[in-house]
Amino acid sequence: MAKHQGYAKVIGESEKAMKHLAKINGVKDVGFLVSRAFSIHFNLSQVKDWKFSLDALREPLRSKAENILNAAYSRGLKPDGGWLFYISREPSGSIEDNSTLLRKKTDEEMLSIAKEEMKGEVNVMEKEFILFVKELRKKLDAPLYEIEEDLIGKWMVFVKREVYGSFFSTVIKQLEKERLAYEAKVDTSLTGEELPLIVYIESSLDFKKILKVKDLIAKVMEEFQVKKGIYFKPDLFTSKGIYRGGK
């Protein structure tokens, strides 16, 4: 796990993994090196204009494989870990205003803002929201990329398998049309009668965008006659294993 600091962070074992990395390298602290590695990864992830070049393959397989992969990439699609991800090519918004808001407002004031902005259309669970804000405050003095990761939120809805692909495609097209696209993913295992569609939002504190994306998904649900609940939560809760009730 010492070699996979990203995974260690996701499962809540970052401190343990860094201690082991320091031990096997005979140093006292690797925090700076790990932070620098994440920063380099973040910066490289911002590079959007690149193509697949499969030099190890021979023609005609090489050209066919390159065409398929580059076409998928140009549409923002990539497979990873049993999921098909959509990643918008449009630049994401800045989260600096979120950091300023967190520094100026108390937990209770943040909760009040959330309830007011959501206009009763989304049920804001008070205990969970306060817990989220407290987790964010821990990263206010950390590198910008760390709080950016923790701010990400997601809408999730379960869709019947027979309309899964079409539903996903329609949601993406509508998100792009309304300039709301960021990231989304679908399960490629296709096991089960109903499968999850997850639509990500850059910031769980961008309440206006949360509502806009919800309304867009709801319209597509109506079109496909999907009569299920739709749920939102910070992605941070998934990585830390926090569920309803703050446990």
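Our structure is the block above this text.
Residues numbered from 1 in each chain as written. Predicted model: local features only at pLDDT ≥ 70, side-chain atom pairs only at ≥ 80, totals over all residues. Heavy atoms only, no water.

1. Section: the nonpolar core
- Judged by nonpolar contacts, the single largest core of 46 residues is most densely connected at Phe129, Phe167, Leu175 and Leu205.
- Sort the elements by how many residues they give to this core and helix H10 (residues 207-223) lands first, with 8 residues.
- For leucine 205, the residues in contact, after removing those within four places along its chain, are Asn98, Leu102, Met110, Phe129, Phe132, Leu136 and Leu151.
- Grouped together as the second largest cluster of nonpolar side chains are 6 residues, Ala22, Val34, Phe38 and Tyr145 included. (Core = buried A, V, L, I, M, F, W, Y, C linked by side-chain atoms within 4.5 Å. Buried < 20%, exposed > 50% of the residue type's maximum accessible area, 1.4 Å probe, protein only. Helix = DSSP H or I, 4+ residues; strand = E, 2+ residues; numbered from the N terminus. Contact = heavy atoms within 4.5 Å.)

2. Let's talk about helix H9 (residues 164-177)
- Across its 14 residues, H9 extends 20 Å between first and last C-alpha, which sits within 8% of the 20 Å expected from 1.5 Å per residue.
- Buried within H9 we find Tyr164, Phe167, Phe168, Thr170, Val171, Ile172 and Leu175.
- Those residues of H9 that are buried are in contact with strand S1 (77-80), strand S2 (83-87), strand S3 (153-160), strand S4 (183-187), strand S5 (194-201) and H10.
- Immediately downstream of H9, the backbone of arginine 179 shows phi near 55°, a positive value. (Expected span 1.5 Å × (residues − 1).)

3. Overview of the pattern of salt bridges
- Taken as a whole and judged by the stated rule, the model has 17 salt bridges.
- The partner of glutamate 202 in a salt bridge is lysine 209, with the nearest N and O atoms 2.7 Å apart.
- Salt bridges sharing partners connect three or more residues here, namely Asp55, Arg62 and Glu66. (Salt bridge = Lys/Arg side-chain N within 4 Å of Asp/Glu carboxyl O.)

4. Re a nonpolar patch on the surface
- Where nonpolar side chains cluster on the molecular surface, the patch consists of Ile40, Leu44, Val47 and Trp50 and spans about 380 Å² of accessible area.
- Examined against the element boundaries, valine 47 turns out to sit in the loop between helix H3 (31-45) and helix H4 (61-74). (Patch = residues over 30% accessible without salt bridge, like charges linked within 9 Å, V, L, I, M, F, W, Y side chains within 5 Å. Areas by Shrake-Rupley, 256 points an atom, 1.4 Å probe, with all protein chains shown as cover.)

5. Considerations on the packing of H9 against H10
- Close contact between H9 and H10 brings their axes to 10 Å; oriented N to C, the two are set at 140°. If you check the angle between H9 and H10, you find them oblique. The handedness of the crossing between H9 and H10 is right-handed. Only Val213, Leu216, Val220, Met221 and Glu223 of H10 make contact with H9, whose side of the interface consists of Phe167, Thr170, Val171, Gln174 and Leu175.
- In terms of residue class, the contact of H9 with H10 is made up of 7 nonpolar, 2 polar and 1 charged. (Axes fitted to C-alpha atoms, helices over the stretch in contact; angles between N-to-C directions. Parallel < 35°, antiparallel > 145°, perpendicular 65-115°, else oblique. Left-handed = near helix turned anticlockwise from the far one by under 90°. Nonpolar A, V, L, I, M, F, W, Y, C, P; charged D, E, K, R; others polar.)

6. Brief notes about the packing of aromatic side chains
- Applying the stated rule across the entire model yields 4 aromatic pairs.
- Taken together, a centroid distance of 6.3 Å and an interplanar angle of 45° make the contact between phenylalanine 129 and phenylalanine 207 tilted. You can see phenylalanine 129 sitting in helix H7 (residues 126-137) and its partner phenylalanine 207 sitting in helix H10, a full 78 residues away along the chain.
- Centroid distance phenylalanine 132 to phenylalanine 237: 6.2 Å. Interplanar angle 80°. Geometry classified as edge-to-face. Residue phenylalanine 132 is located in helix H7, and its partner phenylalanine 237 is located in helix H11 (residues 235-239); the two are separated by 105 residues in the primary sequence.
- Given the relative accessible area of 5%, phenylalanine 237 is considered buried. (Phe/Tyr/Trp six-rings, centres within 6.5 Å; stacked < 30°, edge-to-face > 60°.)

7. Comments concerning the sheet that holds S4
- Sheet architecture is open: 6 strands sit in the order S1-S2-S4-S5-S3-S6, paired in antiparallel fashion. At either margin of the open sheet sits one strand with a lone partner, and together these are S1 and strand S6 (231-234). Each adjacent strand pair in this sheet contributes to an overall mean axis angle of 25°, direction not counted.
- Taken strand by strand, H9 contacts S1, S2, S3, S4 and S5, and its axis lies near 15° from that of S5. (Pairing = 2+ DSSP bridges.)

8. A closer look at the packing of helix H6 (residues 107-118) against H10
- With their axes 9 Å apart at the nearest point, H6 and H10 run at an angle of 35° to one another. The way H6 lies across H10 gives a crossing that is right-handed. Along the contact surface, H6 presents Ile113, Ala114, Glu117 and Met118, while H10 presents Phe207, Lys208, Ile210 and Leu211.

9. Let's talk about the side chain of glutamate 202
- Following the sequence through the fold, glutamate 202 ends up in the loop between S5 and H10.
- Taking the relative accessible area as the measure of exposure, glutamate 202 reaches 12% and is therefore buried.
- Within the structure, the side chain of glutamate 202 is placed 2.7 Å from the side chain of lysine 209, a separation counted as a polar contact. (Polar contact = N/O pair within 3.5 Å; in protein donor to acceptor, adjacent residues only side chain to side chain.)

10. Comments concerning H10
- Over its 17 residues, H10 runs 25 Å from end to end, which matches the ideal 24 Å to within 8%, given 1.5 Å per residue.
- Turning to H10, its buried residues number three or more, namely Phe207, Lys209, Ile210, Leu211, Val213, Lys214, Leu216, Ile217, Val220 and Met221.
- Looking at the buried positions of H10, the neighbouring elements they touch are H6, H7, S3, H9, S5 and S6.
- Backbone geometry just after H10 places glutamine 225 at a positive phi near 55°.

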